[in-house]
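# Chain and residue survey
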Amino acid sequence: MKEKLTMAVLRACIIATCVAAFIPALNPVQLSGLISKNASLFTNAVSYNSIGSNFVRALERGWVEQSSLSVTYIGALVAGLGIVILGAAFCLSLGNIKMQKLGVKLSFIAALVGMAGMAVLCAAYDMLTASPAPERINPAFPTGIAAFFVMFGLTLLPSIAAWVILPKPAVDAHYAIEPKYKLFLMILPFLVLITLFAYLPLWGWRVAFFDYTPGIDLTMNDWVGFKWLQFLFRNESTRAEIYQVLTNTLAMSGIGLATSWLPMMFAIFLSEMRSTKFRRRIQTLTTIPNFISWVLVYSIAFAIFSTEGFFNSMLSSMGLIEQGTNHLNSGEHIWLKMWLWGTWKGLGWSAIIYIASITSIDPQLYEAATVDGAGRFQKMWHVTVPGLMSTFFVLLLLGIANVLSNGMDQYMVFYVPANRTHIRVLDLYVYHLGLKEGDQVPLATLIGMLKTVISVTLLFVANKASKFLRGESIV
Amino acid sequence: MKIYKQTFGDYAFTFLNGLFFILFTLLCIFPFYYLFINTISDNTLVARGLINFVPRNIHFDNYVSLLNVRDIFQAIWITTARTVLGTIAMVLASAMVGYLVTQQKMFARKFIYRFIIITMYFNAGLIPWYLNMSMLGLTNNFWGYIIPAIVQPFNIILVKTYIESIPGEMEESAFIDGAGYFVVFSRIILPLCKPILATIAVFGAVGHWNSFIDSLILMKGDPRIYTLQHKLYDYLNYSSDLGKLFNQGGTLTGEDVAAALNNRVVQLTVAMVTIVPILMVYPFMQRYFQKGLMLGAVKG
């Protein structure tokens, strides 16, 4: 019991320290105003560039010496090494007594290494303050050093305790680990990856409640609460813009949903063709556009609809127009055009799932219908269509859940200033607002956040609806 | 087969139906043909928009000079590296995770599986994604293309479902013979899963080859690691000096070449170079994608 408790405390300490290595606010390498406030200890330890990139000018002018930067990086490396050894110690601590002993030894060493790293960073801080022009590089003593010193210290205590408490393993004992933990350790790296790239970004939602200047870390002084939410509704021009963007988003998704029966019709009529070879050829060739990117679709649009393109050249050779125009620069009928491109790219592909479903419809149904005197169209309508309804329904519900996310690629590549009003969907708007044109990072984050919340809710509702109507869930 | 007399109506229907599909198919593939003939025809004719159905004065100089533009060569190299590395890493990871989550003995297995799968249904949004990537030091960094795309929940579902459909005896007998998890995974599971792994590899590779938003947003500061799609996007948008760039890099000299290598030709040629790999692997991957789509319909 006592052993278990000590090991649990040790593991908790290790996890806390490892997590802290990813938090920019606790970065002990933050020794100067020139080191990005957005970097964590992990970032600084894996790349020297993350420390040195802003110092180029300072180094040239001699405001700071290369040696102090090197020492800073060495400090980050040593601390990073400590973290890595801690991670290994955590893995070992899940094994049998012999393995745990080794793990405890390692965590002891790791805590010392980490503390040494902090000491090196303190030395680097001294070097930075003593550099020729400290006011230019404004050195600051990061709270991270103290925090990590404490955390490594806290790890040290349970390691020592565990070393004393853990019984000596038998002389002939082997290193071993229970299958359940072995499997867990095998999947752990992937869990770390998914945490880093799917869960950690959620932490960025806090930006929506702060005044944000890029590169500067958020402090509680910048906390503005629901200011941006109010801004969204109160600011006249933003409100008008949002209204237009939402209209575009819903209109284009709406057109897509309203025509979502097209792939089904495509599949039904294609399967009416007798020749298998013909069917397969058509299916193969009409799916090609699905596999090229939107940039390539745009380049095709460019080849055909630009001033010297196929379209103008055809019209002028028929004597319909004198001078070609670049149709991609026009702002008219954008919703329709976007739908047409989407259909060109996706129709053949979306039909595949229906084509496959048609083959699974019971042939006896068709025979029975024939006996009853049903014609071709009656069979299509009364046998095939009902047979495909459940697939159609699932796709429709998923489409409804995705009504706010029509993706960004298509609208981004077709975007020109002339069609700005009608092409900007929510995703593109967030990109423009936050990254491309403006510095409205908090507002863009807020909109993205609201979008996610609404989409998840819609998905949940769609799933419930499906359960209620068909008795099976869609996700 | 029952003998069925075709009426006039049947013939008319088949004719119209077939006609529609042939027209739609032409609509789908003509643009590719159009693009191609415009890159191999006389450049002055292309610039005036006179090549519509038949190529004239066929030559391949455009492709030759394209190879000499270091910019594009670099982009091709980066995109290829990304596609190969990214796909291998993703496929191995999907296989491994898909296998591990089928192991009943694992600690907190159910929770772990849900923890992975649930990430399909939400995302933090563009800005938090960007801030996160920059915090992890993956902006302006080639690994920013690969590492975030390793764990793909959807592919994990596909592999897991597939493994569950394989009879478990082989695995069990290997365990009895004393094989460890890694041996079972690499000697038994991997070979058995080849069909599904081929499917996800095809989709992963196409995704990597086609993606450009990450290059556009994350790699803004380092043009050396732009992907081909991103380069093409730039060329389509800022076309003014393209001909110049093309000629500087090229070994061709002389005024007529300079005049002939105009923006339009460059844009179309780069587009063609970007499309060709997809069209080349298309016949091979065609076998797999239908299977993949069907598997996607049955989620586990």
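Up top you'll find the structure we're talking about.
Starting from 1, residues in each chain are numbered consecutively following that chain's sequence as written. Written order decides the labels, with chains lettered from A and ligands numbered from 1. Confidence filtering applies because this is a predicted model: local features only for residues at pLDDT of at least 70, side-chain atom pairs given and counted only at 80 or more, and all residues used for totals across whole chains, interfaces and linings. The side-chain values count all of the structure's non-hydrogen atoms but skip hydrogen atoms and water molecules.

Okay, the overall build of chain A next. In terms of helices and strands, chain A carries 22 helices and zero strands. Against the 2.2 N^0.38 benchmark of 23 Å for 475 residues, chain A shows a C-alpha radius of gyration of 31 Å, more extended than a compact globule. Referenced to the eigenvectors of the C-alpha coordinate spread, the extents of chain A come out at roughly 90 × 65 × 45 Å. Each residue is placed in one exposure class: buried if its accessible area under a 1.4 Å probe, protein chains only, is under 20% of its type's maximum, exposed if it is over 50%, and partly exposed if it falls in between. Counting every position in chain A, which comprises 475 residues, the buried fraction comes to 48%. Throughout, a contact is declared for two residues whenever any of their heavy atoms are within 4.5 Å. Here the analysis covers contacts within chain A between residues at least 6 apart in sequence; of these, 68% occur between residues at least 24 apart. In the structure as shown, chain A presents an accessible area of about 22,400 Å², 66% of it carried by carbon and sulfur atoms. In this tally Asp and Glu are treated as negative and Lys and Arg as positive; neither His nor the chain ends contributes. Just so you know, the charge point we use is NZ for Lys, CZ for Arg, CG for Asp and CD for Glu. Charge-centre separation for chain A: the mean point of 33 positive side chains lies 9 Å from the mean point of 24 negative side chains. The helix count covers DSSP runs of H or I at least four residues long, the strand count covers runs of E at least two residues long, and both are numbered beginning at the N terminus. Radius of gyration: over C-alpha atoms. The globule rule applied is 2.2 Å multiplied by the number of residues raised to the 0.38 power. Using a 1.4 Å probe, accessible areas were evaluated by the Shrake-Rupley method; residue-level cover was limited to the displayed protein chains.

Turning to the packing of aromatic side chains, a few remarks are in order. Centres within 6.5 Å make a pair out of two Phe, Tyr or Trp rings, where for Trp the six-membered ring is used; the pair is then stacked when the planes are under 30 degrees apart, edge-to-face when over 60, and tilted otherwise. Applying the stated criterion to the full structure yields 38 aromatic pairs over all chains. Their ring planes at 90° and their centres at 6.1 Å tell us that Phe305 of chain A and Trp341 of chain A sit as a pair that is edge-to-face. Taken together, the residues span a long stretch of sequence, with Phe305 of chain A in helix 14 (residues 294-305) and Trp341 of chain A in helix 16 (residues 334-359) at a distance of 36 residues. On the accessibility criterion, Phe305 of chain A (25% relative accessible area) is partly exposed. Taking the centre distance of 5.7 Å and the plane angle of 75° together, the rings of Phe142 of chain B and Trp143 of chain B count as edge-to-face. On the basis of relative accessible area, Phe142 of chain B is assigned to the buried category, the value being 16%. Residue classification places Trp143 of chain B among the partly exposed residues on the basis of a relative accessible area of 44%. Grouped by ring-pair contacts, the aromatic residues Tyr298, Phe305, Phe311, Trp341, Trp344 and Phe414 of chain A together with Phe32 of chain B constitute a single cluster. Geometrically, a lysine NZ or arginine CZ counts as sitting over a ring once it is within 6 Å of the ring centre and also within 35 degrees of the ring normal. Looking at Lys101 of chain A, its charged tip hangs above the ring of Trp163 of chain A, at a distance of 4.3 Å from the centre.

Spacing of three or four residues puts side chains on the same side of an α-helix, whose turn is 3.6 residues. In this scheme, a helix's expected span is set at 1.5 Å multiplied by one less than its residue total. The first and last C-alpha atoms of helix 16 of chain A sit 37 Å apart over 26 residues, in line with the 38 Å expected at 1.5 Å per residue. Along helix 16 of chain A, the helix axis deviates most sharply at Gly346 of chain A, where the bend reaches about 50°. The angle between axes fitted to the seven residues ending at a residue and the seven residues starting there is what we call the bend at that residue.

Attention now goes to the interface of chain B and chain A. On the chain A side, the residues contacting the 93 residues of chain B number 89 residues. Summed over both partners, buried area is the accessible surface (1.4 Å probe) that two parts give up on being assembled. In total, chain B and chain A occlude about 8,300 Å² of area from one another, counting both sides; carbon and sulfur atoms represent 78% of this. When a carboxyl oxygen of Asp or Glu lies within 4 Å of a side-chain nitrogen of Lys or Arg, that pair is called a salt bridge. For the interface between chain B and chain A, the tally reads one salt bridge. Any N or O atom pair separated by 3.5 Å or less is treated as a polar contact, with the protein-specific requirement of one donor-capable and one acceptor-capable atom, and with residues adjacent in sequence counted only for side-chain atom pairs. Run the count over chain B and chain A and you get 16 residue pairs in polar contact (both at pLDDT 80 or more). Taken together, the residues of the side of chain B that touches chain A sort by class into 67 nonpolar, 19 polar and seven charged. The nonpolar class holds Ala, Val, Leu, Ile, Met, Phe, Trp, Tyr, Cys and Pro. Asp, Glu, Lys and Arg form the charged class, and all remaining residues, Gly among them, are polar.

As for its position among the elements, Thr139 of chain B is in the loop between helix 6 (126-135) and helix 7 (143-146). With relative accessibility at 18%, the residue Thr139 of chain B sits in the buried group.

Residues other than glycine seldom take positive phi values, yet Asn57 of chain B does so here, at roughly 50°. The topology assignment puts Asn57 of chain B in the loop between helix 2 (43-47) and helix 3 (61-68).

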